[in-house]
Amino acid sequence: ALLTSQSALDTIGHNVANATTEGYSRQRVLTSSSRPLNLRGLQLGNGVDANVVTRSVDELLNARIVGQTASVARLESQLTEMGSVEALLNEPGEGGFGALMDSLFNSLSLVSSNPEDIVARNGALQSSESLTRRFHQVSDEIRQLQGDAQLKAQTLVADVNLLADRLVTLNQQISEAESVSGTVANDLRDQRGVALRALSERVEITARENTQGAVLVQIDGQLLVGSSSANPLRVEPGADGSIGLQLLGGVQPVQPRSGQLAGVVAFSE
């Protein structure tokens, strides 16, 4: 009984120590009465046993969180990219297309009413040149934004590959720990949950656990993380500024629908 109580106190101390640890799930000790002793025709109680340490976690809720994290991340990524375009267009403003086109139409109206007026004709010419320069400027800056988006995609893909390798390592550690001890590797599973949420923030994933306790992760129906290895994701930038994604050994391009990568890819299109 004292040893079982000590196990419960150790678990409580572990919970307190990890109160601020990201992704940590509260743990508790499940106990049961020990097998009784048969003495003199009587079954005498033999104390209490600590059976297992479990996590207080809702797997269904965690799966929903992973899915919603990807959706929110895509919206935030698109909002950031669209904000850059909005600042570039400068609407409404003196240098915006609306003001420049109004100036051009006013100049043409003056010319149409007095074609022989040199000042009006020069004004129309200057207005058309200003509008043309603005079109070229915006075109160049949009190409620059597309180039920046390709760099962002490469950074996100590098993060995806690092997290995939991290998940492979955790899969192996969890399988090894649980096969040796016969108990659930609670802390390692918490760490794997954090890695899965971080991965879903970057790209939409589908995850399921196999019978060995390893999590298999797919992107767009293709395997990213297996029980013992990961298939790296790579960026295939297009000459027109588009962004293609391909898994090593994949049969078709990856087309994410959620996550930061999906927002960046949608912007490049």
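For clarity, every value in this text was computed on a predicted model and none was experimentally measured.

Colleague: So what's going on with the pattern of salt bridges? Residues and values would help.
Modeller: Evaluation of the coordinates by the stated rule reveals 8 salt bridges. Residue R257 is joined to E204 by a salt bridge in which the shortest nitrogen-to-oxygen separation is 3.6 Å. Residue R257 is located in the loop between β9 (243–247) and α6 (260–268), and its partner E204 is located in the loop between α5 (186–202) and β5 (206–209); the two are separated by 53 residues in the primary sequence. With a closest N to O distance of 3.3 Å, R234 and E236 form a salt bridge. For R234, a relative accessible area of 38% corresponds to the partly exposed category. Relative accessible area serves as the criterion here: at 36%, E236 is assigned to the partly exposed category. Put simply, E178, R189, R192 and E209 are held in one network by salt bridges that share partners.

Colleague: Would you mind going over the packing of helix α2 (residues 59–89) against helix α4 (residues 118–181) in detail, with residue names and values included?
Modeller: Taken N-terminus to C-terminus, the directions of α2 and α4 make an angle of 160°; their axes are 11 Å apart at the nearest point. Classified by the interaxial angle, the pair formed by α2 and α4 is roughly antiparallel. For the pair α2 and α4, the sense of crossing is right-handed. For the pair formed by α2 and α4, the contact residues are E81, S84, V85, L88 and L89 on the first element and R134, V138, E141, I142, L145 and K152 on the second. Of the residues assigned to the contact of α2 with α4, the class counts are 6 nonpolar, 1 polar and 4 charged.

Colleague: I'd like to hear about the nonpolar core, residue by residue, with values.
Modeller: L199, V217, L224, L245 and L261 are the most contacted members of the largest nonpolar core, which has 38 residues in total. Among all residues touching L261, those that are not within four sequence positions of it are A153, L156, V157, V160, R202, V203, L233, L245 and P256.

Colleague: An account of the side chain of S127 is requested, with residue identities and associated values reported.
Modeller: Within the secondary structure, S127 is located in helix α4. Classification of S127 by relative accessible area gives buried; the value is 8%.

Colleague: How would you sum up the sheet that holds strand β6 (residues 215–219)? Please name residues and give values.
Modeller: Two strands in a sheet stick together by hydrogen bonds in their backbones, pointing the same way (parallel) or opposite ways (antiparallel). Strand order in the open sheet formed by 3 strands is β5-β6-β7, with antiparallel pairing between adjacent strands. In this open sheet, the two strands that pair with only one neighbour each are β5 and β7 (222–225). In this sheet, adjacent strand axes meet at a mean angle of 35° when their direction is disregarded. Two elements, β5 and β6, share 4 bridges in a ladder whose sense is antiparallel. Following the sheet pairing, A207 is matched in β6 by V217.

Criteria and thresholds
Residues numbered from 1 in each chain as written. Predicted model: local features only at pLDDT ≥ 70, side-chain atom pairs only at ≥ 80, totals over all residues. Heavy atoms only, no water. Salt bridge = Lys/Arg side-chain N within 4 Å of Asp/Glu carboxyl O. Helix = DSSP H or I, 4+ residues; strand = E, 2+ residues; numbered from the N terminus. Buried < 20%, exposed > 50% of the residue type's maximum accessible area, 1.4 Å probe, protein only. Axes fitted to C-alpha atoms, helices over the stretch in contact; angles between N-to-C directions. Parallel < 35°, antiparallel > 145°, perpendicular 65-115°, else oblique. Left-handed = near helix turned anticlockwise from the far one by under 90°. Contact = heavy atoms within 4.5 Å. Nonpolar A, V, L, I, M, F, W, Y, C, P; charged D, E, K, R; others polar. Core = buried A, V, L, I, M, F, W, Y, C linked by side-chain atoms within 4.5 Å. Pairing = 2+ DSSP bridges.

Structural measurements only, silent on function.
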